[in-house]
Amino acid sequence: MFERFEAIANAPMREYTTLKLGGPADWLVTPKSTRELVQILGEARENGLPVTVIGHGSNLLVLDGGIRGVVIRMARGMKDCFVKGNLLVADAGTMMGAAASAAADAGLTGLEFASGIPGTVGGGVIMNAGAYGGEMSRVVQEVCLIQRDGTFRTLGKEELDFGYRHSALQATDDIVCQVTMRLENGDPDSIRERMSELNRQRAEKQPLDVPSAGSTFKRPEGAFAAALIDQCGLKGYTVGGAKVSTKHAGFLINIGESARDYLELIRTVQRIVEDRTGIRLETEVRIIGEDREPDSGEKGLNA
Ligand SMILES: Cc1cc2nc3c(=O)[nH]c(=O)nc-3n(C[C@H](O)[C@H](O)[C@H](O)COP(=O)(O)OP(=O)(O)OC[C@H]3O[C@@H](n4cnc5c(N)ncnc54)[C@H](O)[C@@H]3O)c2cc1C
């Protein structure tokens, strides 16, 4: 199966996620073009395989039992990016940093916030990724999508219902294949300076040298997840191979190899914070795949 494509059978998902956790995907396939993407979807359909789409895996907790069917990985494959006037048109697999850099080279401002977000442009649209006052919703003009039956459609920004770490696409099966962003004219040197400054601030505050998926929880209304976790005395709190970062309490980091430990840490932090502050932290990290009992087979998890 998938002989015509860059495909790996039994691909360990820990190698394809920044958290470095997760059991094997039956298949991991990296399309090099929209055409390949449509063909892969067709082959999956013919073989009755479920399809999961990922970008760079920087906002994912894949469970220890792995993922059945085929994982389509957009990062590394579809990554062409070009500038046309004030528009930056990027394939979904383009890394946010590469898109920000291309914008800077062309003297376009508006995407500086994205330079340190370690995900793809497609994942950025799905999550409405943002930082330092910027957000994908502010720059996206339109998005080209492929539906699971292989047909295309284009949605304008107003149809994407962007909100805080939310887009309408989260409730669909559609695959982002290309994103058009509208930016403003600016001075390339100032744009680069701003990007360096933001990345310096990021490195100062965030544990970038250990596996994580960024902020594990969304910002609750009127509060900050990291401050609440810190206030509950949970900095450094550890469950097996999962730990609340001592540098930034909003980052739960992986210091072992168990997604089960990580999930347990998420739940423990949620429970303690809710008990002590009355605020329920919702995960920003998306949890996918099958759980695995330590010694007795596998069971699906509705995460
Ligand atoms: C160190 C670190 C710092 C971070 N800082 C930030 C930050 O400042 N701001 C922020 O918002 N996030 C941040 N993140 C989280 C993460 O980088 C973003 O959420 C990013 O946008 C996810 O992109 P991705 O390509 O890795 O998507 P993935 O994690 O691979 O996927 C995320 C979701 O999008 C879906 N998806 C991905 N690509 C597509 C596609 N082409 N079509 C359809 N569905 C798709 C997946 O199914 C999944 O549901 C950080 C993460 C890390 C590790």
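Small disclaimer: the values here were computed from a predicted structure and weren't measured.

Criteria and cut-off values
- Residues numbered from 1 in each chain as written.
- Predicted model: local features only at pLDDT ≥ 70, side-chain atom pairs only at ≥ 80, totals over all residues.
- Domains from an automatic or database assignment.
- Helix = DSSP H or I, 4+ residues; strand = E, 2+ residues; numbered from the N terminus.
- Buried ≥ 20, exposed ≤ 12 C-beta atoms within 10 Å, placed from the backbone.
- Contact = placed C-beta atoms within 7 Å.
- Near = placed C-beta within 6 Å.
- Nonpolar A, V, L, I, M, F, W, Y, C, P; charged D, E, K, R; others polar.
- Pairing = 2+ DSSP bridges.
- Axes fitted to C-alpha atoms, helices over the stretch in contact; angles between N-to-C directions.
- Expected span 1.5 Å × (residues − 1).
- Arc of directions from axis to C-beta.

A. Local environment of the domain arrangement of the chain. For the chain, the domain assignment lists domain 1 (6-73), domain 2 (81-205) and domain 3 (225-284). The centre of domain 2, based on its C-alpha atoms, is set 29 Å off from the matching centre of domain 3.

B. Up close: the environment of M1. Locating M1 in the fold gives a position in the segment before β1 (6-12). Given 15 C-beta atoms within 10 Å, M1 falls into the partly exposed group. M1 sits 42 residues away from E43 along the chain, and the two C-alpha atoms are 8.0 Å apart. M1 has contacts with W27, E43 and N47, leaving out every residue within four places of it along the chain.

C. Structural context of the site of the ligand. Residues in contact with the ligand amount to 31 residues; listed here are only the nearest, G55, G119, G122, G123 and G214. Contributions of two or more residues to the shell around the ligand are made by β3 (51-54), α3 (121-127), β9 (130-131) and β13 (175-182). Among the elements that line the shell around the ligand, the one with the most residues is α3, at five residues. For the shell around the ligand, the per-class residue count stands at 15 nonpolar, 15 polar and one charged. Of the domains in this structure, domain 1 (6-73) and domain 2 (81-205) are the two that each give at least three residues to the shell around the ligand.

D. Inspection of the sheet that holds strand β16 (residues 242-244) at higher detail. If you trace the three strands from one edge of the open sheet to the other, you get β15-β16-β17, paired in antiparallel fashion. Looking at the sheet topology across the chains shown, the edges are occupied by β15 (238-239) and β17 (252-254). The sheet contact formed by β15 and β16 spans two bridges and is antiparallel. Pairing of V239 across the sheet is with A242, part of β16.

E. Seen up close, the sheet that holds strand β7 (residues 87-91). Taken together, five strands build an open sheet; the order of strands is β6-β7-β13-β11-β12 and the sheet is antiparallel. The sheet is open, and its two borders are formed by β6 (81-84) and β12 (152-156), each paired with just one other strand. This sheet shows a mean twist of 20 degrees between the axes of neighbouring strands, independent of strand direction. Strand direction decides the pairing type here: β7 and β13, joined by five bridges, are antiparallel. Residue pairing for β13: A90 is matched across the bridge by V179.

F. Highlighting helix α5 (residues 188-205). Helix length check: α5, at 18 residues, gives a terminal C-alpha distance of 26 Å against a target of 26 Å (1.5 Å per residue), a fit within 8%. Among the residues of α5, I191, M195 and L198 are the ones counted as buried. The buried residues of α5 occupy an angular sector of 65 degrees when the element is viewed end-on, so they sit on one face. Facing away from the buried side of α5 by over 90 degrees, the exposed positions are D189, E197, R200, A203 and E204.

G. Molecular detail of unusual backbone geometry. In this model, Y132 sits at a positive phi of 50 degrees, which is unusual for a non-glycine residue. Take Y132: it is sitting in the loop between β9 and β10 (134-135). With a phi close to 50 degrees, R165 is a non-glycine residue in the positive phi region. Looking at where R165 falls in the secondary structure, it is placed in the loop between β12 and β13.

H. Main features of the pairing of strand β11 (residues 140-146). As paired strands, β11 and β13 are joined by six bridges and run antiparallel to one another. Looking across to β13, one finds that I146 is bridged to I175. Bridging between β11 and β12 involves five bridges; their strand directions are antiparallel. The partner of L145 across the bridge, within β12, is R153.

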